[in-house]
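# Analysis of the macromolecular model
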Amino acid sequence: MLKKMKHYLKEIIFFVITMTLFANALSLYRSQDLSQSPLTVDSFKLINNQEYQVVKNKPF
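Each residue is numbered by its place in its chain's sequence as written, counting from 1. Given that this is a predicted model, residues contribute local features only at a pLDDT of at least 70 and side-chain atom pairs are listed and counted only at 80 or more, while totals for whole chains, interfaces and linings are drawn from all residues. The basis for the side-chain values is all heavy atoms of the structure; hydrogens and waters are excluded.

The way it works is that DSSP assigns letters per residue, a run of H or I at least four long becomes a helix, a run of E at least two long becomes a strand, and they are numbered from the N terminus. On a plain count of helices and strands, the chain comes out with one helix and two strands. Listed by position from the N terminus, the elements making up the chain come as α-β-β. At 24 Å, the chain has a C-alpha radius of gyration far larger than the 10 Å of a compact globule built from 60 residues. Expressed along its principal axes, the backbone C-alpha trace of the chain runs to roughly 65 × 30 × 20 Å. Here the chain, with 60 residues, has 2% of them falling under the buried criterion. All accessibility values rest on the Shrake-Rupley procedure with a 1.4 Å probe; residue burial counts only the protein chains present in the view. Taken as a whole, the chain presents about 6500 Å² of accessible surface, with 64% of it coming from carbon and sulfur. Think of it this way: Lys and Arg go in the positive column, Asp and Glu in the negative one, and His and the chain ends go nowhere. Throughout, a charge is located at the NZ atom of Lys, the CZ atom of Arg, the CG atom of Asp or the CD atom of Glu. Here the chain carries 8 positive and 4 negative side-chain charges, and the mean point of each set is 17 Å from the other. Only C-alpha atoms enter the radius of gyration; for comparison, a globular chain is expected to reach 2.2 Å times N to the power 0.38, where N is the number of residues. Burial classes: relative accessible area under 20% of the type maximum marks a residue as buried, over 50% as exposed, and values in between as partly exposed (1.4 Å probe, protein chains only).

What follows concerns helix 1 (residues 2-31). Side chains of residues three or four places apart in an α-helix project in the same direction, reflecting 3.6 residues per turn. The end-to-end C-alpha distance of helix 1, which contains 30 residues, comes to 43 Å, matching closely the 44 Å that a straight helix rising 1.5 Å per residue would cover. In terms of burial, helix 1 is a largely surface element, zero of the 30 residues being buried. Expected helix span is given by 1.5 Å per residue-to-residue step, counting one fewer step than there are residues.

Phi at Asn49 takes a positive value of approximately 65°, unusual for a residue other than glycine. Mapped onto the elements, Asn49 comes out in the loop between strand 1 (43-45) and strand 2 (51-53).

Read these as layout, nothing more, since geometry by itself doesn't imply function.
Given below as structure tokens:
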């Protein structure tokens, strides 16, 4: 019984580590093209449907 539990625990740990590595590799692959162009936000809509204009050259 103890031998079976050790085997299942090893399998679970191996599965978790494998899935973590796969998820991180996939995330890295998908994020490579995110930073190709600069982010430009001129305006956006607020929750109450008002348009907010971002002021240039002014910190938030």
